[in-house]
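Structural description and commentary
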Amino acid sequence: HKGDKELHWHLILFAELLHARGDALLVYKGIIVAVFRRCLHIIHKGSYKALANAATNVLKSLTHVYLLD
């Protein structure tokens, strides 16, 4: 399965946008969660990797707002 190249590109862009400051991301929390939920059914390996990067980036960004000890 080659997947949808345009969707894959958008997911990579989405992952990069999640490098923003954590407090800026909180404004878009609903949209971010909606994107993750809509992408749960994706079976393309590259898209999974992009989503994993997005999740990692959002968690890193949020740790700058909610510091962990």
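This report concerns the structure included in the present document. (Residues numbered from 1 in each chain as written. Predicted model: local features only at pLDDT ≥ 70, side-chain atom pairs only at ≥ 80, totals over all residues. Heavy atoms only, no water.)

Our next topic: the pattern of salt bridges. Per the stated rule, a full pass over the model turns up one salt bridge. Arg-21 is the partner of Asp-23 in a salt bridge, and the nearest nitrogen-oxygen pair spans 3.0 Å. Classification of Asp-23 by relative accessible area gives partly exposed; the value is 39%. Judged by relative accessible area, which is 59%, Arg-21 ranks as exposed. (Salt bridge = Lys/Arg side-chain N within 4 Å of Asp/Glu carboxyl O. Buried < 20%, exposed > 50% of the residue type's maximum accessible area, 1.4 Å probe, protein only.)

We now examine the side chain of Asn-57. Note that Asn-57 resides in helix 4 (residues 45–63). Relative accessible area serves as the criterion here: at 7%, Asn-57 is assigned to the buried category. If we skip the residues at most four places from it in the chain, Asn-57 touches Ala-15, Glu-16, Leu-18 and His-19. (Helix = DSSP H or I, 4+ residues; strand = E, 2+ residues; numbered from the N terminus. Contact = heavy atoms within 4.5 Å.)

This brings us to the environment of Ala-34. The topology assignment puts Ala-34 in helix 3 (residues 29–38). The partly exposed category is assigned to Ala-34, whose relative accessible area is 35%.

Here we take up the nonpolar core. Core analysis: the largest hydrophobic core is formed by seven residues, namely Phe-14, Ala-15, Leu-18, Leu-25, Ile-32, Ala-54 and Val-58. Looking at this core, the elements that each hand over two or more residues are helix 1 (5–17) and helix 4. Excluding anything up to four places from it in sequence, Ala-54 contacts Phe-14, Ala-15, Leu-18 and Phe-36. Leu-11, Cys-39, Ile-42 and Leu-51 belong to the second-largest nonpolar core, a separate cluster that totals five residues. (Core = buried A, V, L, I, M, F, W, Y, C linked by side-chain atoms within 4.5 Å.)

Let us now look at helix 4. Helical geometry: 3.6 residues make up each α-helical turn, so side chains three or four residues apart lie on a common side. Between its first and last C-alpha, helix 4 extends 27 Å over 19 residues, near the 27 Å set by a 1.5 Å rise per residue. Taken together, the buried positions of helix 4 are occupied by Ser-47, Ala-50, Leu-51, Ala-54, Asn-57, Val-58 and Ser-61. Along the axis of helix 4, the buried positions cluster into a sector of 125°, meaning they face one direction only. Exposed positions of helix 4 whose direction lies more than 90 degrees from the buried face are Lys-45, Lys-49, Leu-59 and Lys-60. (Expected span 1.5 Å × (residues − 1). Arc of directions from axis to C-beta.)

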